[in-house]
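# Structural characterization, general
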Amino acid sequence: MNLAIWEESRGRQLQAFLCFFPARSLDKLYNFADCSGLHLIFALNALRRNPNNSWNSSSALSLLKYSASKKYNISWELGNEPNNYRTMRGRAVNGSQLGKDYIQLKSLLQPIRIYSRASLYGPNIGRPRKNVITLLDGFMKVAGNTVDAVTWQHCYIDGRVVKVMDFLKTRLLDTLSDQIRKIQKVVNTYTPGKKIWLEGVVTTSVGGTNNLSDSYAAGFLWLNTLGMLANRGIDVVIRHSFFDHGYNHLVDQNFNPLPDYWLSLLYKRLIGPKVLAVHVAGLQRKPRPGRVIRDKLRIYAHCTNHHNHNYVRGSITLFIINLHRSRKKIKLAGTLRDKLVHQYLLQPYGQEGLKSKSVQLNGQPLVMVDDGTLPELKPRPLRAGRTLVIPPVTMGFYVVKNVNALACRYR
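Per an unreviewed UniProt entry, the protein goes by the name Inactive heparanase-2 and belongs to Lipotes vexillifer. Listed in UniProt under the heading Sequence similarities (unreviewed entry), the comment for the protein reads: "Belongs to the glycosyl hydrolase 79 family."

## Some thoughts on a positive patch on the surface
Residues Lys 331, Arg 337, Arg 380, Arg 383 and Arg 386 make up a contiguous surface patch of positive charge. Among the structural elements, Arg 386 can be located in the loop between β16 (380-382) and β17 (388-390). Judged by relative accessible area, which is 31%, Arg 386 ranks as partly exposed.

## Considering helix α7 (residues 175-190)
Regarding α7, the residues found buried are Leu 176, Gln 179, Ile 180, Ile 183, Gln 184, Val 186 and Val 187. The buried residues of α7 occupy an angular sector of 165 degrees when the element is viewed end-on, so they sit on one face. Exposed and facing more than 90 degrees away from the buried side of α7 are Lys 185 and Thr 189. Turning to α7, the residues buried within the fold contact β5 (120-125), α5 (130-143), β6 (149-157), α6 (170-173), β7 (195-204) and α8 (219-231).

## Overview of the packing of helix α4 (residues 95-109) against α5
Two elements in contact, α4 and α5, have axes whose closest approach is 7 Å; the angle formed by their N-to-C orientations is 40 degrees. The orientation of α4 with respect to α5, classified from their angle, is oblique. α4 and α5 meet at a crossing whose hand is right-handed. Note on element contacts: α5 touches α4 through Leu 135, Gly 138, Phe 139, Val 142 and Ala 143, opposite Gly 95, Ser 96, Leu 98, Gly 99, Lys 100, Tyr 102 and Ile 103.

How each quantity is defined
Residues numbered from 1 in each chain as written. Predicted model: local features only at pLDDT ≥ 70, side-chain atom pairs only at ≥ 80, totals over all residues. Heavy atoms only, no water. UniProt positions renumbered as here; feature names shortened; annotations may be inferred. Patch = residues over 30% accessible without salt bridge, like charges linked within 9 Å, V, L, I, M, F, W, Y side chains within 5 Å. Areas by Shrake-Rupley, 256 points an atom, 1.4 Å probe, with all protein chains shown as cover. Salt bridge = Lys/Arg side-chain N within 4 Å of Asp/Glu carboxyl O. Lys, Arg positive; Asp, Glu negative; His and termini not counted. Charge placed at Lys NZ, Arg CZ, Asp CG, Glu CD. Helix = DSSP H or I, 4+ residues; strand = E, 2+ residues; numbered from the N terminus. Buried < 20%, exposed > 50% of the residue type's maximum accessible area, 1.4 Å probe, protein only. Arc of directions from axis to C-beta. Contact = heavy atoms within 4.5 Å. Axes fitted to C-alpha atoms, helices over the stretch in contact; angles between N-to-C directions. Parallel < 35°, antiparallel > 145°, perpendicular 65-115°, else oblique. Left-handed = near helix turned anticlockwise from the far one by under 90°.

Printed below as a string of structure tokens:
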């Protein structure tokens, strides 16, 4: 069983990848999602194949009919990481066949009244290496118009060899940018403008690494992922963090929030969907032949979340990652120069440093008040015109209040 939870502007979603799933378990899963205000995306088993290697949909059809009889509102997928089918079952599926399988699934959904307009996502490929891109190309050629969003997964580093300092390497952070470019090139060739989702992201492979992928250090990759995807027009990211083995989670085994939980909570509360351009004088360096500029100070800007009633429309939120071993100073200019700023600085808490599983917000440790009550996330007010001082190897959010930015005044 592998469950993932994610959010976007239309609402929170719960995703399930399951191969063998009795009806009683589906009832429990759907009821959980429904009671939690989540929408369920269910991935059907694609490993059942006919002798000619086409998808055997008999068990899937039974599940669809049962789900429809219960009037379950579900979106659908078919399989997970089809590029690994040869390893998993000794039989590969090429992109063309996978596209035909999705068309077959669509034909099963359409006669079922409740699912005639249900969303369908895929193909949920793995890291876009050459053979995977070939698979995606074949899929898009056959079934690009069948899916509502094209999906893929990203893993940053091998969990068996990772070290804490790897999370500070800009080259590692930038691997995602190249993958986005490859995926967008194929998708736009066949279906320009089609939505693209990062449907699975983990910092380290093989279930994660204890004291690393669940530590403060992993937050640099997570926050940079959110900023980079938004800048490239990808507004949905799914993280395998709800139920699974390993350590790529938002909460520990006792449901205590880990650093990425607090990071995600602040992001959802402060960051709106509209992305703003950022120019930092003195940061952008001229590239030299054969050299790639990889900045250790990363600044992203969005309109502040208009659902946050602590800030009026027109406010701007910056989120900043400082990978330098020294503090960095940032002076706001133009219309931002004389505005009040609220600082939400996240730093590790405890003796473990970057390996810490606890964080502090503006110097105060973040812990649950009780099992169902979050602590108040208090900002630190900075006076108008004050230089922002970003401590070494930290990340934080900075809300510039009452800017009245035209781009942020309307949805």
